[in-house]
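If you want the building blocks of each chain, they are given just below.
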Amino acid sequence: MVAGQLVVVYGAYGHTGRFVVAELKERGFVPVLSGRDADKLKALAVAVAADESGVRPAPVDDPAALDRALAGAAAVINCAGPFATTAAPLIEAALRAGIPYVDVAGEVEATLDTFTHFAERARAAGAVVVPAMAFYGGLGDLLATAALGDWEKADEAHIAYALDSWRPTPATRASGAVSRARRGGRRLRFTQGRMEYRDDGAPTLDWVFPDPVGARTVYGEFLTADVVTAPTHLPVSELGTYMTVDAIKDVLDPDAPAPTAVDERGRSAQTFLVDVVVRSGGRERRAVARGQDIYAVSAPLAVEAVHRILTGRTRTLGVAAAGALFDAADFLRALSPHISVELSE
């Protein structure tokens, strides 16, 4: 039973936060609007017809304010980047409140921090903490887990992203800058069963995506949160991540505009295809996801995660990636209104 349960959305007025608020309302939850900017929260409350009692400003460096923001809530979803700044204080507050924490972080270092610093504490407390439960980090991990299926292990897994465009939000740019600074501009990849930092440039290669995308030039070892989430539980020695070169050009263009809404749900016209290939001993399995707007689709991913946690449909405790915590194939089926998924051998 979730109808009427309070779920705090920290960073509710942000681009992804607004999608999360709308998805929570559609699913029968009562979103509590929180974040660092009281004026933006008040404006959002007017826009979404939220009751004044459901607006709870809280500076991220004020534990008492965060405790008040989370009081009486069933869960918290953190949508406020840079997550290097917000994740740890919100997780601490969630642990004090005894409620699940979910975030939509795309920052690799912040996601690593969550696993490193909170795994033992969250497990000991019987808590559930899910970092990177979004398009990057969550969806790719679920697809790779579903593709692996009943195999006990695999030699390699590859997650390739084809975006027809990528108009980054200001928050994406800010988080990316923080992430790059923290790793000193180096790349990070998962190879031979471990994380490895590299100083050379990312390789380019051709990837043949399923129709209608077809062959595209991609950057190999494109850094996403999947590099952190998937290796925490998938029995693979090699994990490759790839992104179409044209999408990267958009991100690198300082004049590229932010996403523009084209439908009543506020989604942009951007389309995506995620192609996941898992190989073992000459055998191959594939999972393909198609959809619209990588920011908008992060909302049903995060809200479905909260719904499953609160209704007891989880497989473990502590800090966990999506594929470790949930039945991946079943979770993906639940996203069918938002994402089409094909699993094949």
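Calculation rules
Residues numbered from 1 in each chain as written. Predicted model: local features only at pLDDT ≥ 70, side-chain atom pairs only at ≥ 80, totals over all residues. Heavy atoms only, no water. Pairing = 2+ DSSP bridges. Helix = DSSP H or I, 4+ residues; strand = E, 2+ residues; numbered from the N terminus. Contact = heavy atoms within 4.5 Å. Axes fitted to C-alpha atoms, helices over the stretch in contact; angles between N-to-C directions. Phe/Tyr/Trp six-rings, centres within 6.5 Å; stacked < 30°, edge-to-face > 60°. Buried < 20%, exposed > 50% of the residue type's maximum accessible area, 1.4 Å probe, protein only.

1. Considering the sheet that holds strand β6 (residues 128-130)
Through backbone hydrogen bonds, the strands of a sheet pair up, either in parallel or in antiparallel fashion. Across the sheet, which stays open at both edges, the seven strands sit in the order β3-β2-β1-β4-β5-β6-β15 with parallel pairing between neighbours. Each of the sheet's edge strands pairs with one partner strand only, and the pair in question is β3 (55-57) and β15 (318-319). By the bridge criterion, four bridges tie strand β1 (residues 6-10) to strand β4 (residues 75-78) in an arrangement that is parallel. From the neighbouring strand, Val 8 faces β4, where its bridge partner is Val 76. With respect to the sheet, helix α1 (residues 15-26) is in contact with β1, β2 (30-35) and β4, its orientation differing from that of β1 by roughly 170°. Across the sheet, helix α2 (residues 38-47) lies against β2 and β3, angled at about 170° from β3, the strand it touches most.

2. Some words on the packing of aromatic side chains
Tallied over the entire structure, the rule returns 10 aromatic pairs. Plain terms: the ring middles of Phe 135 and Tyr 161 are 5.4 Å apart, the flat faces sit at 50° to each other, and that makes the pair tilted. With a gap of 26 residues between them, Phe 135 in helix α6 (residues 135-148) and Tyr 161 in strand β7 (residues 154-163) connect regions that are remote in the sequence. The structure contains a cluster of three or more aromatic residues connected by ring pairs, namely Phe 135, Tyr 136, Tyr 161, Trp 166, Phe 222 and Phe 272.

3. Quick look at the environment of Phe 115
Mapped onto the secondary structure, Phe 115 falls in helix α5 (residues 108-125). Judged by relative accessible area, Phe 115 falls into the buried class, the value being 15%. Sequence-distant contacts of Phe 115, defined by excluding residues within four places in its chain, comprise Pro 131, Val 228, Thr 229, Thr 232, Val 319, Ala 320 and Ala 321.

4. A short note on the pairing of strand β9 (residues 194-198)
Here strand β8 (residues 187-191) pairs with β9 via five bridges, running antiparallel. Paired with Thr 191 across the bridge in β9 is Arg 194. Remark: two residues form the turn of the hairpin made by β8 and β9, two consecutive strands paired antiparallel; Gln 192 in that turn has positive phi of roughly 55°.

Any functional reading would require information that these geometric values do not contain.
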